[in-house]
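Geometric and topological summary
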Amino acid sequence: MAPFSSITPIEYLKGVGPSRAEVLKSELNVHTFGDLLKHYPFRYIDRTQFHKIQQVHPDMPAAQVIGRLTHLEEIGERKGKRLVGHFKDDTGIMELVWFQSISWLKKSLKVGAAYVIYGRPSVFNNQLSMTHPEMELYHPGVKQAGNMSLQPVYNSTEKLKKFTLDSRGIQKLQVALLESIAHQLQEALPDYLLHEHRLMPLPSALVAIHFPRDQQELAQAIHRLKFDELFFIQLKLLKNKLLNTHKFKGHHFDVVGNRFNTFYNEHLPFSLTNAQKRVIKEIRKDTASGAQLNRLVQGDVGSGKTVVALMSMLLAVDNGFQACLMAPTEILAQQHYHSIKKLLGEGIASVQLLTGSVAKKDRRIIHTQLEDGTLDILVGTHALIEDTVRFKNLGFVVIDEQHRFGVEQRAKLWRKNSTPPHMLVMTATPIPRTLAMTLYGDLDISVIDELPAGRKPIKTLHLYESSRLRMFGFMKEEITKGRQVYIVYPLIKESEKIDLLYLEAGLETLMNEFPLPQYRISIVHGKMPVKDKEFEMQRFVKGETQIMVATTVIEVGVDVPNASVMVIENAERFGLSQLHQLRGRVGRGAEQSYCILMSGSKLSKESKLRLETMVRTNDGFEIAEVDLQLRGPGDIAGTQQSGVLDLKLADLTTDQALLTEVRNSVIGIFEADGQLAKPENARLREYLTEREPTVAWEKIS
Ligand code: ADP
Ligand code: MG
């Protein structure tokens, strides 16, 4: 499409003007010609079908009938005033009713003439009828304007309707729009792609999606436009990826050295799973390639990402570099720090923890050690990215639960060395493959798709309030066996007061049910000072308390292998991925673990499906797929920046095959012509130079 007309303000379209332009902007976010063109119909009325009156019944959403108007009469008074017509074909009779525009209709409708009528049938006083049908004089043999085969239906709103911009009104605007710009519409893809993928040309597709001649043409148009939506996202993402590997030289890790080997051979308390080994190999290969590593590691909760991170960092240290690990919360950073210290033992590498609550004088020591290079590994929160934190030679960065960090925060880490460090991002929130391809298309993706051996799948139960005593009994049994229990209350960000109410109300019952000195309870919630939180956490970790009552602050990462029961209160208030994360806090030891979902008895359909899914499966990827279907991509972290939300036609849950086709095609294009320099790729080159701002941090993920 020629850029000029696509960005032409909508008020310049014939039939729009300033006041209609305002509502189009405010109600539909349509600001330009291009926006209106992309306001696609959301469904189509099939006008190829005709019905006999005998076949028409009130359950039909709409019916189209050819017949004769035999009678027209105005009846009723004032508000009850209406125009009633009799409409007959050779099988029966129906009533037509109008409440508005009566005098105009009385003048224009011809009693005795044949009409094609279209509308929604209903039954009133035992009489089949149609209110405000569309009427068009019937001319046998002539193609009717009104019965164009598929009539577009557009989203509209009450406010738009006040400006006569109902579906019909918008359709008229589309006609005006296409009349004014159809001749300027241009192809966006190279011709060879149209042939390869049998795509309808873009100008035809844009016309056909608004005014399809038949179902087949419509399907082709939709296919073509979906293709474009996915194609251009992939084009941008993969171009970035290419820039990363070509432009950004990475630190070369030549050796697998002493520290890595000593750790692997002498300190590692278990053998790695095959998946862990594979991912470490992938990281090893990247870091030996001379290019910068940009890799996402996806691994379900408990799959053992920490040790993968640690071994990658040792690889860096072996090659004379420093490494850091950044976690989104203080508790998590502490947890990582402690487990890394424990895994490493003495003498392999120096590790420090840097968070907001580290005292000034300790912080100064850390700063000095970082700058003179005596510190090998730094673990911390976003305190790591402050400007005062300077490394001697940072070579490897691990970001845990990366979706909790913004792009800019990551970019700051990127700039902590003149040659940017390798970037490994880890997430325990599995993302469906399609979404990962769109969100993280510019990253390499590794998946740890295997849990360490000997883990028993967690048993999940859904209980109603009436079973609370049974649940308490079960908790006691487990505690008697020496196990520990989590009880989690919902956290609603907007209202921390309510959160505490939930927690406090629950706590009273709990204290009665689980009295001292036999039972000891830890409490952790977001309103507590960090020191107290840490203290309570540690009591639970050390086994001094048996019950941990918490809000979702414990959601990510916390690792207490002896905890075997996760009770989630008001489970219907949690999202699926959150429930799955919470469940992942148990099942980390050798014991059978349980997750108990407590809920009220009144559940929405969606809540029910969420809880059922949790009970049915432990597979994070399966859960993520259901989550995507339930919520759409909009609520999934990271989608805002990705362009996924601009998808109007493509659907990541149903268009997986198309996405794969598109992605492979884009990969092929860059393989054949990395700079898009060949003449046949001119349109793509243009697209990228026109739209891509030259912001460096865009290339960092
Ligand atoms: P997550 O992927 O959720 O971050 P962690 O790295 O915290 O998982 O690992 C979960 C637990 O499993 C930890 O106690 C860790 O020591 C242990 N673990 C990791 N890898 C293995 C393995 N290959 N075999 C046995 N236990 C392992
Ligand atoms: Mg973890």
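Look up a bit, the structure's there.
To keep things clear, this report deals only with the structure shown in the data block.

What counts, and at which threshold
- Residues numbered from 1 in each chain as written.
- Chains lettered and ligands numbered in written order.
- Predicted model: local features only at pLDDT ≥ 70, side-chain atom pairs only at ≥ 80, totals over all residues.
- Heavy atoms only, no water.
- Helix = DSSP H or I, 4+ residues; strand = E, 2+ residues; numbered from the N terminus.
- Buried < 20%, exposed > 50% of the residue type's maximum accessible area, 1.4 Å probe, protein only.
- Contact = heavy atoms within 4.5 Å.
- Pairing = 2+ DSSP bridges.
- Axes fitted to C-alpha atoms, helices over the stretch in contact; angles between N-to-C directions.
- Near = heavy atom within 4 Å.
- Polar contact = N/O pair within 3.5 Å; in protein donor to acceptor, adjacent residues only side chain to side chain.
- Areas by Shrake-Rupley, 256 points an atom, 1.4 Å probe, with all protein chains shown as cover.
- Nonpolar A, V, L, I, M, F, W, Y, C, P; charged D, E, K, R; others polar.
- Parallel < 35°, antiparallel > 145°, perpendicular 65-115°, else oblique.
- Left-handed = near helix turned anticlockwise from the far one by under 90°.
- Salt bridge = Lys/Arg side-chain N within 4 Å of Asp/Glu carboxyl O.
- Right-handed = clockwise from strand over helix to strand, strands pointing away.
- Expected span 1.5 Å × (residues − 1).
- Arc of directions from axis to C-beta.
- Phe/Tyr/Trp six-rings, centres within 6.5 Å; stacked < 30°, edge-to-face > 60°.
- Lys NZ or Arg CZ within 6 Å of the ring centre and 35° of its normal.
- Core = buried A, V, L, I, M, F, W, Y, C linked by side-chain atoms within 4.5 Å.

**Describing the side chain of threonine 613**
- Topologically, threonine 613 is positioned in helix α21 (residues 605-616).
- The class of threonine 613 is buried, set by a relative accessible area of 1%.
- Aside from chain neighbours lying at most four places away, what touches threonine 613 is Leu576, Ile623 and Val626.

**Regarding the sheet that holds strand β22 (residues 594-599)**
- The strand order across the open sheet built from six strands is β17-β22-β21-β18-β20-β19, with neighbouring strands paired in parallel fashion. Of all the strands in the sheet, just β17 (459-464) and β19 (521-524) have a single pairing partner and so form its edges. For this sheet, the mean angle separating the axes of adjacent strands, direction not counted, is 20°.
- In the sheet, β17 pairs with β22 via six bridges, with the strands oriented parallel.

**Observations concerning the site of ligand 1**
- Contacts to ligand 1 come from 16 residues, most closely from Gly302, Lys305, Thr306, Arg455 and Asp559.
- Take lysine 305: an N or O atom from its side chain is 2.7 Å from an oxygen atom of ligand 1.
- Its free accessible area being 560 Å², ligand 1 has 82% of it covered by the protein chains.
- Each residue belonging to the shell around ligand 1 can be placed in one class, and the counts come to four nonpolar, seven polar and five charged.

**Comments concerning the packing of helix α13 (residues 330-344) against helix α19 (residues 530-541)**
- Contact geometry for α13 and α19: axes closest at 11 Å, N-to-C directions at 45°. One way to sum up the angle between α13 and α19 is to call them oblique. Once α13 is placed against α19, the crossing between them reads as right-handed. Facing Glu330, Ile331, Gln334 and His338 of α13, the residues of α19 in contact are Val530, Lys533, Glu534, Met537 and Gln538.

**A few points about the pattern of salt bridges**
- For the structure shown, the criterion picks out 27 salt bridges.
- Two residues, lysine 52 and aspartate 90, come together in a salt bridge whose shortest N-O distance is 3.3 Å. In this pair, lysine 52 sits in the loop between β1 (43-46) and β2 (63-75) while aspartate 90 sits in the loop between β3 (82-89) and β4 (92-98), placing the two residues 38 residues apart along the sequence.
- Judged by its relative accessible area of 38%, lysine 52 is partly exposed.
- The residue lysine 226 makes a salt bridge to aspartate 655 at a minimum N-O spacing of 3.2 Å. Taken as a pair, lysine 226 in helix α9 (residues 215-247) and aspartate 655 in the loop between α23 (639-642) and α24 (656-672) lie far apart in primary sequence, 429 residues in all.

**Observations regarding the pairing of β19**
- As defined by bridge partners, β19 adjoins strand β20 (residues 547-550) across four bridges and the pair is classed as parallel. Note on β20: the bridge partner recorded for isoleucine 521 is isoleucine 547.
- In this view, the connection linking β19 to its parallel neighbour β20 by way of α19 has right-handed handedness.

**So, the sheet that holds strand β10 (residues 294-299)**
- Strand order in the open sheet formed by seven strands is β12-β13-β11-β14-β15-β10-β16, and the pairing between neighbours is parallel. Lying at the two open borders of the sheet, with one neighbouring strand each, are β12 (351-354) and β16 (444-448). Taking each pair of neighbouring strands and ignoring which way they run, the sheet shows an average axis angle of 20°.
- Here four bridges tie strand β11 (residues 322-326) to strand β13 (residues 377-380), and the two strands are oriented parallel to one another. Residue pairing for β13: methionine 326 is matched across the bridge by glycine 380.
- Taken strand by strand, α13 contacts β11, β12, β13 and β14 (394-400), and its axis lies near 170° from that of β12.

**Some words on the environment of proline 212**
- Tracing the backbone through its elements, the reader meets proline 212 in the loop between α8 (202-210) and α9.
- Classification of proline 212 as buried rests on a relative accessible area of 3%.
- Taking the C-alpha atoms as reference points, proline 212 and leucine 150, 62 residues apart in sequence, are found 6.2 Å from one another.
- Those residues in contact with proline 212 that sit more than four places away from it in its chain are Tyr44, Ser149, Leu150, Glu217 and Leu218.

**Looking at α21**
- Taking 1.5 Å per residue as the helical rise, α21 with its 12 residues ought to reach 16 Å, and the 16 Å between its terminal C-alpha atoms agrees with that figure.
- Within α21, the full set of buried residues consists of Ser607, Arg610, Leu611, Thr613 and Met614. Buried residues of α21 fall within an arc of 155° about the axis and therefore sit on the same side. Away from the buried face of α21 by more than 90 degrees, exposed residues Lys605 and Arg616 are located.

**Brief notes about the packing of aromatic side chains**
- In this structure the tally under the stated criterion is nine aromatic pairs.
- Through a chain of ring-to-ring contacts, three or more aromatic side chains come together here, namely Phe227, Phe231, Phe232 and Tyr687.
- Over the face of the ring belonging to phenylalanine 514 we find lysine 476, whose NZ or CZ atom lies 5.3 Å from the ring centre.

**A few points about the pairing of strand β7 (residues 127-131)**
- The sheet contact formed by β4 and β7 spans three bridges and is parallel. From the neighbouring strand, leucine 96 faces β7, where its bridge partner is methionine 130.
- Here strand β6 (residues 121-124) folds back onto β7 in antiparallel fashion, the turn holding two residues, of which asparagine 125 has a positive phi close to 50°.

**Details of the nonpolar core**
- If you look at the biggest cluster of nonpolar residues, it comprises 42 residues, and the most contacted ones within it are Phe263, Leu344, Ile377 and Phe396.
- For this core, the element with the highest residue contribution is helix α12 (residues 305-318), accounting for 10 residues.
- Those residues in contact with isoleucine 377 that lie beyond four places of it in its chain are Leu310, Met313, Leu314, Val317, Ala323, Ala349, Ser350, Val351 and Gln352.
- Grouped together as the second largest cluster of nonpolar side chains are 35 residues, Ile10, Ala221, Leu225 and Leu649 included.

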